[in-house]
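One letter stands for each residue in the lines below.
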Amino acid sequence: MGITQRTVQVVAHDKERFSPRKLIPVNPKTLGDHLLLKRIKANLSQPEVAIKAAVSVRTVKAWEHG
């Protein structure tokens, strides 16, 4: 068996896999903005809030970004 050469081709996708991070609102207008600000002021992460509220992390993210 010999050594073979391999080539790697990189393909750029137009769509991003993840949505961009939501900015911290200066003037909260939605319920999600208020929840995000309260979570940041309490120095909690989304998983910590999810545990305290007995919901999934996905639900907390939906509340903040929905």
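The structure presented is a predicted model; accordingly, all values stated were derived computationally and were not measured.

Re the environment of alanine 62
Take alanine 62: it is sitting in helix H3 (residues 57-65). Between the C-alpha atom of alanine 62 and that of glycine 32, which follows or precedes it by 30 residues, the distance is 8.4 Å.

Looking at the pattern of salt bridges
Within this structure, the stated rule accounts for one salt bridge. One salt bridge connects arginine 39 with glutamate 64, and the closest N-O pair in it is separated by 2.6 Å. With a gap of 25 residues between them, arginine 39 in helix H1 (residues 31-41) and glutamate 64 in helix H3 connect regions that are remote in the sequence. The class for glutamate 64 is buried, based on a relative accessible area of 3%.

Re helix H2 (residues 46-53)
Of the positions making up H2, those classed as buried are Gln46, Val49 and Ala50. Mapping the buried residues of H2 onto a view down its axis gives an arc of 100°, with all of them on the same face. Away from its buried face by more than 90 degrees, H2 exposes Ile51 and Lys52. Contact partners of the buried residues in H2: H1 and H3. Looking one or two places after H2, you find alanine 54, whose phi comes out positive at around 60°.

Comments concerning the confidence of the model for the protein
Per-residue pLDDT for the protein averages 83, and the proportion of residues at 70 or more is 82%. Of all secondary-structure elements in the protein, the lowest mean pLDDT belongs to H1, at 92, while H2 reaches the highest, 96.

A few points about the environment of glutamine 46
Inspection of the secondary structure puts glutamine 46 in helix H2. When sequence neighbours within four positions are dropped, the list of residues in contact with glutamine 46 reads Arg39, Val57, Val60, Lys61, Glu64 and His65.

Comments concerning the side chain of aspartate 33
Its place among the elements puts aspartate 33 in helix H1. Residue contacts for aspartate 33: discarding those within four places in its chain leaves Lys22, Pro25 and Pro28.

Cut-offs applied
Every chain's residues receive numbers from 1 upward, in the order its sequence appears when written. Local features in this predicted model are restricted to residues whose pLDDT is 70 or higher, and side-chain atom pairs enter the listing and the counts only when it is 80 or higher, whereas totals over whole chains, interfaces and linings include all residues. Hydrogen atoms and water are omitted, and side-chain values are computed over all heavy atoms in the structure. Under the scheme used here, helices are H or I runs from DSSP no shorter than 4 residues and strands are E runs no shorter than 2 residues, and both carry numbers assigned from the N terminus. Basic side-chain nitrogens of Lys or Arg form a salt bridge, by our definition, when they fall within 4 Å of a carboxyl oxygen of Asp or Glu. A 1.4 Å probe rolled over the protein chains alone gives each residue an accessible area, and that area as a share of the maximum for its type sets the label: buried under 20%, exposed over 50%, partly exposed in between. As used here, the arc is the angular range of directions from the helix axis to the C-beta atoms. Only heavy atoms matter for contacts: two residues are in contact if any of them lie within 4.5 Å across the pair. Each residue carries a pLDDT value, the predictor's own confidence for that position, ranging from 0 to 100.

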